[in-house]
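Structural features, examined
Here's the letter readout for the chains.
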Amino acid sequence: MTADARRAISPGKATLKQVHDPAETVSDVVFRQIREDIISGVLPPGAKIKLEQAKERYSIGISSLREILSRLTTENLVLAEGQRGFEVSPASRRELLELADLRIVLETHAIGLAFAAGNLEWEGRIVAAHHRLAAAERKLLAGDVSRTVDWVRYDWEFHQAIVSACNSATLMATLSSVFDRFLRYHMLAESFRGKPVVDDHRLLFELSIQRDVTGATEVVRRHVQSGVEHVLKSGRIL
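Anyway, here's the lowdown on the structure attached to this text. If you're wondering where the values come from, they're calculated on a predicted model, not measured in any experiment. Residue numbers run consecutively from 1 along every chain, following the written order of its sequence. Only residues with pLDDT of 70 or above have their local features reported here, since the model is predicted, and side-chain atom pairs are shown and tallied only from 80 upward, although totals for entire chains, interfaces and linings are computed over all residues. The basis for every side-chain value is the complete set of heavy atoms in the structure, and neither hydrogens nor water enter the calculation.

Points about the packing of aromatic side chains
- Centre distance within 6.5 Å is the pairing criterion for rings of Phe, Tyr and Trp, where only the six-membered ring of Trp is used; planes under 30 degrees apart are then read as stacked, over 60 as edge-to-face, and the remainder as tilted. All chains considered together, the criterion is met by two aromatic pairs.
- We count a charge as sitting over a ring when the NZ of a lysine or the CZ of an arginine lies within 6 Å of the ring centre and within 35 degrees of the ring normal. Just above the ring of Phe31 sits the side chain of Arg71; from NZ or CZ to the centre is 3.8 Å.
- When the ring centre of Tyr185 is taken as reference, the NZ or CZ atom of Arg184 above it lies at 5.8 Å.

Structural notes on empty space enclosed by the protein
- Cavities and pockets are defined on a 1 Å grid built over the protein atoms alone: a cavity is a set of grid points where a 1.4 Å probe fits but cannot escape, while a pocket is an open set with protein on both sides within 12 Å along at least five of seven lines, and lining residues are those with an atom within 4 Å of any such point. Grid points are joined across faces, edges and corners, and a volume is the space filled by probe spheres set on the points. Considering all chains together, one arrives at one cavity of 30 Å³ or more under this definition.
- Approximately 140 Å³ is the volume found for the largest cavity.
- As for the largest cavity, its lining consists of 15 residues, of which Trp151, Asp155, Leu183, His186 and Arg193 are closest to the centre.
- Only DSSP runs of H or I with at least four residues qualify as helices, and only runs of E with at least two residues qualify as strands; both kinds are numbered from the N terminus onward. For the lining of the largest cavity, the secondary-structure elements that each account for two or more residues are α7 (148–163), α8 (169–189) and α9 (195–210).
- Element by element, the count of residues in the lining of the largest cavity is highest for α8, at four residues.

Section: the sheet that holds strand β3 (residues 86–88)
- Spatial ordering of the open sheet is given by β1-β3-β2, a layout of three strands whose pairing is antiparallel. A strand with exactly one partner marks an edge of an open sheet, and here the two such strands are β1 (48–49) and β2 (78–80).
- Where β2 and β3 come together, three bridges link them in antiparallel fashion. Of the residues in β3, the one forming a bridge with Leu79 is Glu87. Any two strands are treated as partners once DSSP identifies two or more bridges connecting them.

What is shown is where atoms sit, not what they do.
Next comes the structure, spelled out in structure tokens:
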């Protein structure tokens, strides 16, 4: 993933998960925009969030902005500095490893639940999600970095579809948060892992349709661990 591709993921152009809810308030929308800016690297680790500048950028009042940034501290995406304001949470090798472990625990547990409860509609969601992801990955492998935005969104949608039959809203919400925080490190690495990640997704798709819990959990474990190695090799995380 190039720096140009990373910059393409910004408010007004695309969202990481494309969540559109008619009931969303202005604060909800700005919360999502700032969160996406942090995950995509538009707001890099350690960046000071100056309230006056952020107020203009996101078109929202200072009091609402403070509330939003305080909400983001609960996900460890933002640090509150008392009277000095807020800054984007730093990136570290330790957090990357912790997020990888947590993602493996949550996602593999959700897979076991989903494979036991999934029905034909669930299988259809997996097929559709993998079709979209594979199409974006073919473009990326061909050198079309403009598809990075699509890949980021479709990658989550594919993994989410696989566990969507777990029947636990709390598990899904927690996994979603961890997935995004883990994704932030991949965005910082600024490179696409290439054919190995595409092969992982294809195999995970096949094992999911077969409801092979053991095989799928092993692929997820390897998939996440290889992602960690890829990020660390980039040299951008200390």
